[in-house]
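# Notes for the structure review
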Amino acid sequence: MNHILKFNLNGEAVEVAVKSNEKLLDVLRDKLGAVSAKFGCGVAECGACTVLIDDLSVRSCITFAVEVEGKSVVTLEGLQADGPTKIQKAFIKHNAFQCGFCAPGFIMSATELISKNPSPNEEEMRHALAGNLCRCTGYQNIVDAMNEVAEDNKGGVK
Amino acid sequence: MDNFRYIKPSTVDEAISSKREYGKKANFLLGGTDLFIAMDKGVITPEVVIDLKGIKTLKYLEEKDGAIFIGAAVTWTELIESEIIKKMVPALWEAADLVASVGVRNTATLVGNLCNAVPSLESGAPLYVRDAVVFLEGKDGKREVSVKDFFTGVKRTVLKDDELMTGLKIPVVKEFGEVYIKMGRYEGEDLAQAGVSVFVDKNNNYKISLSAVAVTPVRATKAEDFLKGKKLTDELAAEAAELALEAIAPISDIRSSKEYRIHMCRIMVKRGLIASVSRMETGVPALSTRLI
Amino acid sequence: MKENLKVVGHDAVRLDIVEKVLGAAEYTDDIAFGPNLLHMAILGSPYAHAEILSIDTSEAKKLPGVKAVITGEDYPEKFGLYLKDKSIFPVDRVRQVGEQVAGVVATSYEIARNATKLIKVEYKELPVILDPYDSIAEGAILIHPDLGNYVIEPWLEAQPGTNIGHLRRIRKGDIDKGFAEAETIVEGEYHIPHVAHTCIETHISVSKFSLDGRLTMWNSTQSPHTQRNIMAVALGMNHKDVRVIAPPIGGGFGGKAGISMEVMAAAGAKSCPGHPVKLRWTREEEFYNSSQRTGLRNKVKIGFKKNGKIIAFKHEMFWDVGASAEYGSNVVNATGFSATGPYYIPNVYIDSKACYTNNPTCSAYRGFGYSEFSFGIESTMDKAAKIMGIDAVELRRINAIKEGEGVAYDVPMNPNGLIECIDKVAEEIGWGIEEKSDDPNKIIAKGFASVWKAPAMPANESSSAFIKFSEDGSINVMVSGMELGQGLLTVMGKIAAEVLGLTLDKVRVELPDTDRNPYEWQTVASHVTWSCGNAVKRAAIDARDKILDIVQRAHFIDKSQLYLEDNGVKCTTQDSFYIPFSDFVITGIQTEHNTWVGGPILGSGMFMPEYTNAMVDPKTGLGGHPMVHYTVGAGAVKVEIDKETGRMKVLKMAEAFDLGKAINPDLSKDQINGGFVQGLGTAMWEQCIFDEKGKMLNDGFTDYKIPTIVDVPRDMNPILVEVPQPDGPYGARGHSEHTMIPVMPAIANAVANGLSVRIVDVPVTAEKIAMRMNDPKYKEEM
Ligand SMILES: Cc1cc2nc3c(=O)[nH]c(=O)nc-3n(C[C@H](O)[C@H](O)[C@H](O)COP(=O)(O)OP(=O)(O)OC[C@H]3O[C@@H](n4cnc5c(N)ncnc54)[C@H](O)[C@@H]3O)c2cc1C
Ligand code: FES
Ligand code: FES
């Protein structure tokens, strides 16, 4: 079955022809050029494909594209419309990634966490990011960067 | 994965009539975290997918008439964020918090978990100890089924071809303690190799349920009867744990040997009993404390 | 060696972090190839060992959208890095589950994949070998009956007529006499299963034959030049007509070294000239059909004198290299030379055997075999310490190899800070201090290991570099060392900046493109900081010489009085003299006669170690100089274990490595943290599990568990030790792989120290701990 799918991608209305069995990840990457979301496993296990759908982090690799009809989808490209976010700045400062392939997914998950809980304690933060796999870093710099964001948010600085 | 017909009804009736029309060729879709993967791997090949997320009446989570009502479209994240669940069904809350990862929990549902009916399902044990009741609706009308009667085997339930689960209810209880303990290979995301829920109330009624160690979740009634009316001691907990093992029939697989599953169930039931009583009496251990 | 360094040795933000955090880094799969792009899918063998009787592709070819179907018929030749035993597509037999039997190129991946299901292959099953002991058993079926006819590096010792792809022996001193003189002899037998790299980015290649016959490949690779070489030779093309571009890579860890699936993409592309053809592994294919880490069964026997000194050491290693030894043979070789650990030992006997099995092919994996063999050595060392009543850390100090002492192949050891590493780790972990858990069910224990590793490479491996200036005085550094995440770009940039007096913001280091960037053997073996770094340093010195020469000619100041600083040229005798690079590096300097001196500044540099020699005596392993140097280090963990459940948490880790000189200390510490956690995965959870027919039962993250952010220690302590490497840039030597090596034995030693149970087969799972705790078979006396 074919559909003309309409949704909001990174703040802009988009329209794209899709089949029912197309995956959101593939449609974003191959048809709409939003390539920040990555293919890592295809079965919701690694988090590399994480995007925000109506502000919630979702695994785009196991989402049918047709499911986002009328919704708002944000990828890393759209997150930084006004320049790098506070989380991104902290990740840069702390050399949070090595190969960087997991970075978009981590940033999307971290963004959702901070929007719900601006200053999580370290264990809350780890729990929230546990679905994002990174093979390179051992996670330490990601933790350090996130702790800095949480600490900073406690001070009420936005 | 082959192309399919995607329909998104806005009422339960429409959903049922579609399902009736296509029967086994159609599958309901909630979060899709089980369905999508089964389709992608070619395990199932539905010609029609009926997305239930357009049905507004399936999204409810409330306490009324002595029970907590949870609609089919309620996600694990919504359960975790609900004060009702946290306070009134803490074992379910603990289980919810251990399902997969945030990115999965944001779309995956409790009802999808039940309908998928794999032995390792997280929701089984905590709902068993609370004698939850699920709501099924089909062309012949509505029926209520105790969750304990819902599963008939691995990936098998009493759901008829044209039936869908619209939600469930969990009776409200007062002055109790309960826990859910998950055995995974590590603290990161894992499918349960065993799950244990224990419930106790102030009259020393105990309920014990284990999942992932038999084809369906089970209640350890022998252990429950043994403890009934008794004030828990460490020795009683150990004895009850031994009895609880009679209710299970675990297998060996790549995740764990049968022997280790049994070993762990013994420990989990014992620690679960002690923790439930302690939680009832003093409020500790706090929710999400890792007991193993 | 006190230099006043401005950039090298100071922390900096990685040169590639901004593009990665902003999502600007274009990995291979992110590049837009336009509507001409075709997709490829592979049909993998369902059998681990079988003859191919026939392949019928007719139905597949008929499927609309299919452009080409490729089988071994089109590609009879074998390829490989060191031992050409691998088929592009096999003709006669398959040797592992998942081995590519045919490939389909089509207009979409879906069509290509559906077409693979239409290919009919008739097989005749053969007996399956999954264990190295079975591989070498009398009467075992030969997995490579043609081994004797394969093209092979001269320093490899294949054993035709057996399943042994390579045998490396060391016979140093007199082993029998050594054991006869030993006061205490301690033995152990160990097992390491296959594990997988699991880069988060799976392998991907986009290959294109242009209509005029040029081959261009965009590969997620650690080895662009090596791949170009193998492709050019295999296809009989000129090297200049093969171009390998290496976009940013989503993890390598050795798994993307050499060449594997890229040959299939090229084969697909050859059938469809003018079209880029994309082949991207699924996660399952990544497990089966890239490579895995070698499995190992080994027997360690160590003889000690009364004072704890090792007098004799015997190590038999039976490597499970899987279906091909094209790369794994070098793991076997390198470890054959080094499987003593970082100890001075007068009498050494090592047998290192590459045993073919029908498990997935193994190649390089961070640590290159050293993790596997160190588990047995370091476990045995701990056992020995207890038997002799010597503290485990002290036993390692006693035997630590010193500069000038002979290594296993009897060449003097390089300068090293092993004792300093051992002491610093012991101090950080609180060695000797007993700690108690707050939870009565739990105990706290510590475990220790010391390790070494040398880069494993051909004796004549080499690197080269170009540096070119632009109008504003900024530079592009062109190397073919690959940024894998280890920080290569930053390290190379800093070396160039240091020599040229540049600030880092003026430096860009380019990812490899074999058309544009000069030669590099490959980015493996933790050797590029040293080798490529030397080339970059020489290129920078070359550019500096040209700059000084121009200024001398234009300003009549002697070169010896000029130096580079603050993005320009300064003079030691005239404080006010300063010419910014932007004034002249392209345009030259205008003289008083209005003529011009100079021209665009370029530098080039090359490096090759000129003292290495791989041609040892095959009977003794002596007589050559196969390794350039060893990097040494130590690691320790503090764990908390539940005595009932066996569940273990690593509370704290400390690891120290002597990296000669930290070009960027922060990034070096990041390597330690990352490598430790990768090691932790292999120590506690990871292993490839196969059924009796060689099918992998956990070919996804559902059951192949790699550490998540909640599973790692909260207290991570990376420590850097700097005893300079005489021939390293600024004294640097590599240390990225090494960080994994101590973890498996440190974990097993901690468990033995805490619970008196010796786990000899990793991973050290909760189940093993709990179920063996009271089993006398596994008891280790305290
Ligand atoms: C990476 C990953 C990790 C996971 N980890 C866990 C875990 O830790 N614990 C755990 O328990 N589960 C886990 N799961 C499984 C899954 O996420 C859960 O079972 C989830 O709760 C399913 O809910 P859903 O809404 O996604 O169901 P769906 O996939 O939408 O549906 C599940 C099945 O039920 C049917 N169905 C859906 N709705 C209805 C209805 N109303 N009436 C009748 N039939 C219906 C569908 O057709 C389908 O067959 C994991 C899954 C993934 C992908
Ligand atoms: S690609 Fe979606 S979670 Fe791995
Ligand atoms: S930085 Fe490489 S996977 Fe995270």
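Nothing here was measured: the structure is a model prediction, and the numbers come from that model.

## Section: the packing of helix α11 (residues 392-399) of chain C against helix α12 (residues 418-429) of chain C
Residues and elements named next belong to chain C. At a minimum axis distance of 10 Å, the contact between α11 and α12 shows a crossing angle of 170°. Taken together, the axis directions place α11 and α12 in an arrangement best described as roughly antiparallel. On the side of α11, the interface is formed by V393, R396 and R397, while α12 contributes I419, I422, D423 and A426. The residue inventory of the contact of α11 with α12, partitioned by class, reads four nonpolar, no polar and three charged.

## A look at helix α6 (residues 140-154) of chain A
Note: α-helices contain 3.6 residues per turn, so residues at a spacing of three or four share the same orientation. Over its 15 residues, α6 of chain A extends 21 Å from the first C-alpha to the last, a length consistent with the 21 Å expected when each residue adds 1.5 Å. When we look at burial in α6 of chain A, the residues that qualify are Q140, N141, I142, V143, A145, M146, V149, A150 and N153 of chain A. Structurally, α6 of chain A contributes buried residues whose contacts are with α3 (86-93), α4 (103-116) and α5 (122-129) of chain A together with α15 (665-684) and β32 (715-721) of chain C.

## Thoughts on the sheet that holds strand β5 (residues 72-74) of chain A
All names here are of chain A. Here we have five strands laid out as an open sheet, ordered β2-β1-β5-β3-β4, and mixed in their pairing. Each edge of the sheet is formed by a strand with only one pairing partner; in this case those strands are β2 (12-19) and β4 (56-59). On average, each strand axis in the sheet is tilted by 40° relative to the strand beside it, whichever way the strands run. Here strand β1 (residues 2-9) runs beside β5; their pairing, made up of two bridges, is parallel. Each residue of the ladder has a partner; that of N8, found in β5, is S72. Relative to β2, helix α1 (residues 24-31) is tilted by about 115°, and along the sheet it contacts β1, β2, β3 (50-53) and β5.

## Considering the domain arrangement of chain C
One frequently used descriptor of interface size is the decrease in accessible area upon assembly of the parts. Residue and element names in this part refer to chain C. Taken domain by domain, chain C consists of domain 1 (17-24 + 461-607), domain 2 (33-126 + 208-250 + 256-280) and domain 3 (292-457 + 614-778). Computed over C-alpha atoms, the centres of domain 1 and domain 2 are 40 Å apart. At the interface, 19 residues of domain 1 touch 21 residues of domain 2. When domain 1 packs against domain 2, the two sides together hide about 1,500 Å² of surface, and 50% of this comes from carbon and sulfur. The interface formed by domain 1 and domain 2 holds three salt bridges in total. Residues D513 and R243 are paired through a salt bridge, measuring 2.7 Å at the closest nitrogen-oxygen approach. Linking domain 1 to domain 2 there are 10 residue pairs in polar contact (both at pLDDT 80 or more). Tallied by class, the residues present in the side of domain 1 that touches domain 2 amount to eight nonpolar, five polar and six charged.

Rules and cut-offs
- Residues numbered from 1 in each chain as written.
- Chains lettered and ligands numbered in written order.
- Predicted model: local features only at pLDDT ≥ 70, side-chain atom pairs only at ≥ 80, totals over all residues.
- Heavy atoms only, no water.
- Axes fitted to C-alpha atoms, helices over the stretch in contact; angles between N-to-C directions.
- Helix = DSSP H or I, 4+ residues; strand = E, 2+ residues; numbered from the N terminus.
- Parallel < 35°, antiparallel > 145°, perpendicular 65-115°, else oblique.
- Contact = heavy atoms within 4.5 Å.
- Nonpolar A, V, L, I, M, F, W, Y, C, P; charged D, E, K, R; others polar.
- Expected span 1.5 Å × (residues − 1).
- Buried < 20%, exposed > 50% of the residue type's maximum accessible area, 1.4 Å probe, protein only.
- Pairing = 2+ DSSP bridges.
- Domains from an automatic or database assignment.
- Buried area = accessible area lost by both parts, 1.4 Å probe.
- Salt bridge = Lys/Arg side-chain N within 4 Å of Asp/Glu carboxyl O.
- Polar contact = N/O pair within 3.5 Å; in protein donor to acceptor, adjacent residues only side chain to side chain.

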